Amino acid sequence: MIFEKERFISAEHSDKLQSINSKKDIVVYVHGKGGNASEAEHYKQFFKEGVYGFDYKSENPWDAKAEFSKKFKELSEKYNKITLIANSIGAYFSMNSGIEKYVSKAYFISPIVNLERLILDMIKWAGATEQELEEKRIIPVDFGDDLSWDYLQYVRKHKIIWTVPTDILYGSNDNMQSLDTIKEFCSNAPATLTVMNGGEHWFHTKEQMEFLDIWIRNISKADS
């Protein structure tokens, strides 16, 4: 009886291993503000795995934390390995969501890696002060989302710690995050940096897209 029980457990364990090994890998694309999940189609040419565009609805980091963690947990149960491609604020939302336990590799394009610094810059662009924002709680602006004191406080209380091996593509003319900010992030994370001279925060021109395509094709091949 003992032998039969041990044999049964062994067979059950074998079935579980077979199930795990039969899972496929997946690449998840997370768009930036103003983008959409259909952008994932562009990246299918670079990966043999399926590429899934995450059509998230959250507009702030605390809602994104819940939405992202739920989605990536679901995907981790269906797929063996998850690779992340994230653009702009999508990179910040991803890092803030605690999904690194589900992700084995990441590619960031023009990522927002220090949202506090960006918000402080936006306060200056609006001709306002941090004290004024605290008093008013909300300051409307005509160049993006309204400034929010609660948003700033959330970002300050939830520091980013990112442990996933990551390759970053950054444009030298990015007006959202400075090169020093990106380099500081890379010094504290397992991240490598590629800078396109003349590139912008939004990679969209023919030259910029060609640079992006060469970049992701080369590094994805090296990682495979």
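Residues numbered from 1 in each chain as written. Predicted model: local features only at pLDDT ≥ 70, side-chain atom pairs only at ≥ 80, totals over all residues. Heavy atoms only, no water.

S.K.: Explain helix α8 (residues 206-223) here, please?
M.R.: Owing to its 3.6 residues per turn, the α-helix aligns residues three or four sequence positions apart on the same side. Helix length check: α8, at 18 residues, gives a terminal C-alpha distance of 26 Å against a target of 26 Å (1.5 Å per residue), a fit within 8%. Buried residues of α8: Gln 208, Leu 212, Asp 213, Trp 215, Ile 216, Ile 219 and Ser 220, and no others. Considered in projection along α8, the buried side chains sweep an arc of 170° and stay on one side of the axis. In α8, the exposed positions angled more than 90 degrees off the buried face are occupied by Lys 206, Glu 207, Lys 221 and Ala 222. Looking at the packing, one finds that the buried side of α8 touches β3 (79-87), β4 (103-109), β7 (166-171) and β8 (191-196). (Helix = DSSP H or I, 4+ residues; strand = E, 2+ residues; numbered from the N terminus. Expected span 1.5 Å × (residues − 1). Buried < 20%, exposed > 50% of the residue type's maximum accessible area, 1.4 Å probe, protein only. Arc of directions from axis to C-beta. Contact = heavy atoms within 4.5 Å.)

S.K.: Could you clarify how one ought to interpret the nonpolar core in this entry?
M.R.: Considering soluble globular proteins, one finds that nonpolar side chains tend to be buried as a cluster. Grouped together as the largest cluster of nonpolar side chains are 47 residues, with contacts concentrated most on Val 30, Phe 68, Phe 72, Leu 84, Phe 108 and Leu 115. Non-local contacts of Val 30, meaning those with residues more than four positions away in its chain, are made with Phe 54, Tyr 56, Phe 68, Phe 72, Leu 84, Ile 85, Ala 86, Asn 87, Gly 90 and Ser 94. Judged by nonpolar contacts, the second largest core, of 17 residues, contains Tyr 29, Val 51, Tyr 107 and Ile 109. (Core = buried A, V, L, I, M, F, W, Y, C linked by side-chain atoms within 4.5 Å.)

S.K.: Any chance you could explain helix α6 (residues 149-157) here in plain terms?
M.R.: Inspection of α6 places Trp 149, Tyr 151, Leu 152, Tyr 154 and Val 155 among the buried residues, and these make up the whole buried set. For α6, the secondary structure elements touched by its buried residues are α2 (61-78), α3 (89-96), α4 (115-125), α5 (130-136) and β6 (147-148).

S.K.: What exactly am I supposed to notice about unusual backbone geometry here?
M.R.: Glycine aside, residues mostly have negative phi angles, and peptide bonds mostly take the trans form. Even without being glycine, Ser 88 reaches a positive phi, approximately 55°. By secondary structure assignment, the location of Ser 88 is in the loop between β3 and α3. For Ser 110, which is not a glycine, the phi torsion comes out positive at approximately 50°. Here Ser 110 is to be found in the loop between β4 and α4. We classify Ser 110 as buried; its relative accessible area is 0%.

S.K.: How should the confidence of the model for the protein be read in this particular structure?
M.R.: A low pLDDT score tells you not to read the predicted coordinates there in detail. The pLDDT averaged across the protein works out to 91; a share of 90% of its residues lies at or above 70. Here residues 1-20 is a poorly scored stretch, pLDDT under 50, and it has 1 contact once near neighbours within four places are set aside; other chains count. (pLDDT = per-residue confidence, 0-100.)

S.K.: Can you help me understand the packing of aromatic side chains in this one?
M.R.: The description of an aromatic ring pair uses the distance of the two centres, along with the angle that the planes make with each other. One pass over the full model with this rule turns up 15 aromatic pairs. Aromatic ring contacts, followed pair by pair, group Phe 54, Tyr 56, Phe 68, Phe 72 and Phe 93 into a single cluster. (Phe/Tyr/Trp six-rings, centres within 6.5 Å; stacked < 30°, edge-to-face > 60°.)

S.K.: Explanation requested: the pattern of salt bridges in the structure shown.
M.R.: Here the idea is simple: oppositely charged side chains can pair when their charged atoms come close. Per the stated rule, a full pass over the model turns up 13 salt bridges. Note that Lys 105 is salt-bridged to Asp 167, the shortest N-O span being 2.5 Å. With Lys 105 in strand β4 and Asp 167 in strand β7, the pair connects residues that are 62 residues apart, well separated along the chain. For the pair Lys 105 and Asp 167, a shared accessibility class is recorded, and that class is buried. Linking Glu 184 and Arg 117 is a salt bridge whose minimum nitrogen-to-oxygen distance equals 3.2 Å. With Glu 184 in helix α7 (residues 179-188) and Arg 117 in helix α4, this residue pair connects regions lying 67 residues apart in the sequence. For Arg 117, a relative accessible area of 33% translates into the label partly exposed. Put simply, Glu 116, Glu 130, Arg 156 and Lys 159 are held in one network by salt bridges that share partners. (Salt bridge = Lys/Arg side-chain N within 4 Å of Asp/Glu carboxyl O.)

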